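Breakdown of the fold
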Amino acid sequence: MSQTLKTLLDKGFHLVTLGGLSLDAPGAPDEPPAAHRQKLALLAVLALADRPLSRDALIGLFWADQDERRARHSLSNALSSLRKVLGPTAIRRHRDEVALEPGLPLEVDAVELAGSAAAGDWAGVVGRYRGPFLGGVFVGGTAEFEHWADGHRSRLEGLFLEAAAHQAKALAAAGDWDRAAQLSRRWLEAAPLSTEAAGLLLDGLTAAGTRDGDQRALEAYDRLVTLLGEQYGRRPDRAITARAQAIVARLRGGDATAELPVPTDLLAEAAAAPAGTAPAMTPLATPGAGATVAESHVSEAAVAKSAADGPAPETRPASVRRRWWLIAPAAVLVVALGWWAARRSAPAAPVRAAAVAIGAIRAPADSATAWLADGLVQMIGARLAHSPSVEVIAPDRLRELLPERATLSDLLAAAERVGARWAVSGSVTRSEQGFLMDVNVHDVAEGRLASLGTVSASDPIVLADLAAVRVLNAAGTSADGATLAEFETASPGAFEHFARFVRATDEGRGEAAIAALDAAIALDSGFVSALRERAMIAFPRGDRAVLQGLMAAFERNAARATEYDRLILASQAAFYGGEHSQSEALAEQLVAHYPRDPRALGWQLEVFILHGRWTDARTVIDRLLALDSTTVNAGGLVCVPCRAYGNLVDVSLLLGDLPGAERAARRLTTLAPHLTLGWDKLAVALTSARRYDEALAAIERGKALGDQIEWAVSQEVRIYMMTRDFERAERAIRALRQEARPELQPLALDLSMMLARERGRYRASIAAYDSLERLGERELSLVAANGLARIGEYRRARAFYQSPPPIATPSNRAGLRAVSLVGDIARAFSWQRALEADAIAPSGDTVRVRRIADSLEQLSRLSYYGRDWRVRHHVQGLLLAIEGRHEAAASEFKAARWGTLAWTRPHAEEAKSLLAAGRPDEAIDALRTAYGSHLEAMGRYLPRSELDFLMALAFRQAGHVDSSRVYEGYVRKAWVEADPEVRALLGQLGGQ
């Protein structure tokens, strides 16, 4: 250990970010640079990042308003100052990236809290949470930094609230009412609208059954009434008021009722309420553009009179009026379009509109775009004003309630006070082709993010239109009477269907999304956005006829298309057309034009992953995370960083980086603990590491969220099979079969088919497939064919391998219109032929296998999936093994491998060839790699029991008798009721 690192370890730094910002640095100078908040904030950014950050990203957070030379100088000065306190090697640089030294003894309260939450240590979470992230601290960074801080603040507060709920209930259940009350008070301070927190606080204070406790409970209730009235314009929940009434009644049975500090509003309600009923909530009229919200002490009669008198006159500060004139021409056009659309709509029955408050739209500070901060608020509001489904709160009313540097909590509190159901925030940036805007819609009542999305356009008017559609979709409505600007579509009906497509996509309703796009195109065949989205669905589906019509329409309306439309479709056409280099070049060009558009980066990431360029894919993931590494949608939708971390898990597993996969999955669960995605990815990562108990625990966490139960059961049963707990797997499948829900029956049959294969009962697995086929499910036909081959029924197996459609080599095509799907056709051909060769090779039909090998040599490279470029090696290895050339065969099988999450048949065949060549230790290594694959997709073609069989043979040949006996035991347990063909293999293990 170096002397410098030893000195650092002796210091032991502690960075406080919760409730403030400070650095505990023993031995630091009296006036350390840590006193400067911006430098401390920079340290916080580096400490909370789970990967190196580029200097450009750091400059964008703190010094975006400076020219590049000055900004880089500021960053260098800040890093030098931090090194003076933390040590000269505390911050390392690699090329243009900056990161903290991994061995730096720096404790960060936010990181410790997140770690406690991930471990389910609720007491640790509540003990570490001392207030909001960077609470009461103004750093003076950019809007990007404020967005970063807001994301962490929301995430950490969410973890605290989750932990407080768990811990307070646990303390109450244990009878520790004093601590339960103390924690509930903190919980209520962070979430004043939480009925659970208020109820536990009152229960905790009154649990002792003393008058003093009852009085303290009423004082707490009185404070809650005042807080909710002043900050939110509402009263406590009826259940809480009813509890307070019960306390009043109990106290009035004593001797000193006249002196009780009973809240006057509660006494009035109790006197007015009929016997045996809870007091009614004071109704608050939903405020309109200029309405005022009644305070809690105003009587119902006063509220009714205020509503009857009409809204108060609107007031607008002079500065706001001046800003409005800057955007008047654009907003007038939006209003005119909305008025025209409204006139075309039939009168609708009056409905209660949901109130929307729009605020906190951040924009760059330059003079050319600064007006967008207010302008987009006005334009989006004007756009929404023509939908009968929502009512827009006047921006001035909201602005009057917001501090100068408003946080997300400030926005939600202000929106609550003006009676809004939804609050909108976001940020807009310039790109080479126009504007890019994040649109965040918050559920005010629940204090959560209901929708997160990104829209882009070349014009602010269209940008506002698209943002308004996002708001309407999140609010659970439709864009009634909506229309895009003329150069997008002139048909309100077409845009209405497009809005339905957006919503259906967000909700995962694929077929409904397709129907909505088809309806939009039927009304306007030149609606370029609809054509683009429909084509992006048709490409992976291989809908050639649909694509030809779409591309013809796209070329007819090319003048209405953006550069993004042209590049993304050209890249997809090249990708699915088998032109690999061209598709990658076009994806690179797309990202160069739209470097901050997550859609562009997401497409490039998909290309790299499927082409096997996994190291490059990691770089793209870093860029995605740099866009916004903290934005989380706790409401259930998947956010950009969540998708990026999910992709990082997959890429890490393909590269064999199991620790990296686990780190990415845990980062995802910390970032979005309410999303099933993170627990799914964590379970897969832990399963690949063969840490099955931890994987099952992750699945339980995901199951507790209440959605995607089918996923949880499916993964659990697969893990039971991997751990050879066949009885438990059988019980779980039996429970699925007994479920009354018809949609669960295909899953039960799928799992039955897999379990039968694990136990060597291929005839039973084929019978399960026959039942699946009767239900219309044919996706496992190739697995059924594999089973038939295992029991020697090669003729029946070959019937499953259908002849592929004719293949044409890519040529110079005349634009997008002559779209080719040669890559898609080649993919189906390559996979089916490789599986056919694998199935029939044991029959000795070398003529057929050689013919397959020759065809794959010519055609597999045309597939868009890089795995198919390697399957020819597997088939060539089969031929070499039949000829007895085992050394060469083993090399071919190794060349056929595709990462660690892949088809495991090459591993098994490689092990067989290595055993035949007398190299058992290498065979054991090949088999160990195969155990890292999951029983999903390609992994289902090799039962684990067959791996155990081969491992037993390998250990025996290597002279490791004890290990061989362990695996022999596994095999005998699995194959106790196996088919005769399988049980015959047991003879190779030394008899029955």
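The model shown is predicted, which means the values in this text are computed figures rather than measured ones.

Details of the overall build of the chain
Tallying secondary structure elements over the chain gives 45 helices and 11 strands in all. Burial analysis of the chain (992 residues in total) assigns 53% to the buried set. Partitioning the contacts of the chain with sequence separation of at least 6, the portion at a separation of at least 24 is 63%. Only carbon and sulfur atoms are counted for the fraction: they give 51% of the accessible area of the chain, which is about 42200 Å².

Brief notes about the side chain of E910
Along the chain, E910 turns up in helix α41 (residues 905–916). When residues no more than four places from it in sequence are discounted, the contact partners of E910 are A890, F893, K894, R897 and A926.

Thoughts on the confidence of the model for the chain
Any residue range with low pLDDT should be treated as having predicted coordinates unsuitable for detailed reading. Summary statistics for the chain give a mean pLDDT of 76 and a share of 78% for residues scoring 70 or more. Here residues 27–35 is a poorly scored stretch, pLDDT under 50, and it has 7 contacts once near neighbours within four places are set aside; other chains count. Across residues 254–352 the pLDDT falls below 50, and counting only partners more than four positions away or on other chains, this stretch makes 138 contacts in the model.

A word on the packing of helix α37 (residues 822–840) against helix α38 (residues 846–859)
In the contact formed by α37 and α38, the axes pass within 10 Å of each other and the chain directions differ by 155°. The orientation of α37 with respect to α38, classified from their angle, is roughly antiparallel. Of the two possible hands of crossing, α37 and α38 adopt the one that is left-handed. Only R848, V849, I852, S855, L856 and L859 of α38 make contact with α37, whose side of the interface consists of A826, F829, S830, R833, A834, E836, A837 and I840. In the contact of α37 with α38, the residues fall into 9 nonpolar, 2 polar and 3 charged.

So, the side chain of D565
Along the chain, D565 falls in helix α23 (residues 563–576). Given a relative accessible area of 3%, D565 falls into the buried group. What D565 contacts, discounting residues up to four positions off in sequence, is V528, R532 and F554.

Focus on the environment of V971
Relative to the helices and strands, V971 is located in helix α44 (residues 961–974). Given the relative accessible area of 0%, V971 is considered buried. Residues V971 and E946, 25 residues apart in the sequence, show an inter-C-alpha distance of 7.8 Å. Those residues in contact with V971 that lie beyond four places of it in its chain are S945, D948, F949, L986 and L989.

Comments concerning the pattern of salt bridges
A full pass over the atoms with the stated rule returns 45 salt bridges. Salt-bridge contacts for E836 lead to R848; the nearest nitrogen and oxygen are separated by 3.0 Å. Taken together, the residues span a long stretch of sequence, with E836 in helix α37 and R848 in helix α38 at a distance of 12 residues. Overall, the relative accessible area of 19% leaves R848 in the buried class. For E968, the salt bridge is made with R956, and the minimal N-O distance between the two is 2.6 Å. With a gap of 12 residues between them, E968 in helix α44 and R956 in helix α43 (residues 944–958) connect regions that are remote in the sequence. The class for E968 is buried, based on a relative accessible area of 9%. For R956, a relative accessible area of 40% gives the class partly exposed. A single network of salt bridges, built from pairs that share partners, joins R790, D838, R905, E909, K912 and E946.

Calculation rules
The residue count restarts for each chain, going from 1 along the sequence in the order it is written. Owing to the predicted nature of the model, reporting of local features is limited to residues with pLDDT of at least 70; listing and counting of side-chain atom pairs is limited to 80 or more, with chain, interface and lining totals taken over all residues. Each side-chain value is worked out from all heavy atoms of the structure, with water and hydrogens disregarded. A run of H or I in DSSP counts as a helix once it spans at least four residues, and a run of E counts as a strand once it spans at least two, with each numbered from the N terminus. We call a residue buried when its accessible area falls under 20% of the maximum for its residue type, exposed when it is over 50%, and partly exposed in between, using a 1.4 Å probe and counting protein chains only. Throughout, a contact is declared for two residues whenever any of their heavy atoms are within 4.5 Å. Using a 1.4 Å probe, the Shrake-Rupley method yields the accessible areas, and only the shown protein chains count as cover for residues. A residue's pLDDT is simply how confident the predictor is in it, with values from 0 to 100. In this analysis, axes come from line fits to C-alpha atoms, helices being fitted only over the stretch in contact, and the angle between any two N-to-C directions falls in the range 0 to 180 degrees. Roughly parallel refers to an angle under 35 degrees, roughly antiparallel to one over 145, roughly perpendicular to one between 65 and 115, and oblique to any angle outside these ranges. With the far helix as reference, a near helix turned anticlockwise by less than a right angle produces a left-handed crossing, and one turned clockwise produces a right-handed crossing. Gly falls in the polar group here, along with every residue not listed as nonpolar (Ala, Val, Leu, Ile, Met, Phe, Trp, Tyr, Cys, Pro) or charged (Asp, Glu, Lys, Arg). By definition here, a salt bridge exists when the distance from a side-chain nitrogen of Lys or Arg to a carboxyl oxygen of Asp or Glu is within 4 Å.

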